[in-house]
Amino acid sequence: SAVISQKPSRDICQRGTSLTIQCQVDSQVTMMFWYRQQPGQSLTLIATANQGSEATYESGFVIDKFPISRPNLTFSTLTVSNMSPEDSSIYLCSARGGAETQYFGPGTRLLVL
Amino acid sequence: KQEVTQIPAALSVPEGENLVLNCSFTDSAIYNLQWFRQDPGKGLTSLLLIQSSQREQTSGRLNASLDKSSGRSTLYIAASQPGDSATYLCAVTTQGGSEKLVFGKGTKLTVNP
């Protein structure tokens with residue numbers, strides 16, 4: 001199994017600012033993902049973080065708003081740029097290794113005022 | 001486009017009762033199906049993963065079944081306990097190369113002592 005940590009665990013931010021969320025996995029994994037969970041909703045995939053290349057974004061999500069880095073097989077960052085109150089959500093990092101079970105971090109709870 | 005539906009949205013049962021959570025998906029071309037548990041304010045914990053070629057998986061008091069042709073899965077919880085109270089999420093990995101999980105909105109379970 002993989003243990004995933006995220007920083008920060010929560011934050012309150014002002015409109016127009018940006019926040020970078022860090023995700024660390026305790027073992028090398030093939031795939032890393034970023035999800036968003038809006039209040040009362042299920043999880044929506046933002047993008048797949050690719051090691052050494054640009055992330056693959058889902059429909060409705062763009063690199064300018066959610067830039068992602070993945071410099072190695074155990075670490076990734078998600079930046080939420082030019083935030084608005086609509087960005088208030090839980091952001092979850094996820095990873096999948098050789099087996100197909102997918103593991104999730106504890107989430108970053110973001111409130112934008 | 002794959003869509004995952006979970007019924008009921010919420011369920012409240014007395015301790016000791018056996019219960020069934022339902023999940024349906026629109027595209028039967030899946031690699032696998034996973035059941036997750038999400039506790040308030042926390043991330044997701046993987047409970048069971050069923051490959052598309054399998055019919056069921058068991059872990060302790062949990063049993064998950066998969067009927068791929070009809071697009072349905074059930075999660076059976078035996079002898080429920082207050083500690084089982086959480087939101088249960090169903091997710092499928094759809095064939096086609098993207099390997100991404102598509103989630104349902106979850107069933108919020110409350111087990112009353």
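Structure shown above.
## Overview of the pattern of salt bridges
So, step 1. One pass over the structure, following the stated rule, counts four salt bridges over all chains.
So, step 2. With a shortest N-O distance of 2.4 Å, lysine 100 of chain B and glutamate 58 of chain A are connected by a salt bridge. With lysine 100 of chain B in the loop between strand 9 (86-94) and strand 10 (101-103) and glutamate 58 of chain A in the loop between strand 6 (56-57) and strand 7 (68-69), the pair connects residues from two separate chains.
So, step 3. Owing to a relative accessible area of 17%, glutamate 58 of chain A belongs among the buried residues under this scheme.
So, step 4. Salt-bridge contacts for aspartate 39 of chain B lead to arginine 37 of chain B; the nearest nitrogen and oxygen are separated by 3.0 Å.

## Regarding the interface of chain A and chain B
So, step 1. Counting residues at the interface gives 18 residues for chain A and 19 residues for chain B.
So, step 2. When chain A packs against chain B, the two sides together hide about 1500 Å² of surface, and 48% of this comes from carbon and sulfur.
So, step 3. Taken together, the links from chain A to chain B amount to one salt bridge.
So, step 4. One can count five residue pairs in polar contact (both at pLDDT 80 or more) joining chain A with chain B.
So, step 5. For the side of chain A that touches chain B, the secondary structure elements donating two or more residues are strand 4 (31-37), strand 5 (43-49), strand 9 (89-96) and strand 10 (102-104) of chain A.
So, step 6. Sorting elements by how many residues they give to the side of chain A that touches chain B places strand 4 of chain A first, with four residues.
So, step 7. Taken together, the residues that form the side of chain A that touches chain B break down as eight nonpolar, six polar and four charged.

Reading the values: rules and limits
Residues numbered from 1 in each chain as written. Chains lettered and ligands numbered in written order. Predicted model: local features only at pLDDT ≥ 70, side-chain atom pairs only at ≥ 80, totals over all residues. Heavy atoms only, no water. Salt bridge = Lys/Arg side-chain N within 4 Å of Asp/Glu carboxyl O. Helix = DSSP H or I, 4+ residues; strand = E, 2+ residues; numbered from the N terminus. Buried < 20%, exposed > 50% of the residue type's maximum accessible area, 1.4 Å probe, protein only. Contact = heavy atoms within 4.5 Å. Buried area = accessible area lost by both parts, 1.4 Å probe. Polar contact = N/O pair within 3.5 Å; in protein donor to acceptor, adjacent residues only side chain to side chain. Nonpolar A, V, L, I, M, F, W, Y, C, P; charged D, E, K, R; others polar.

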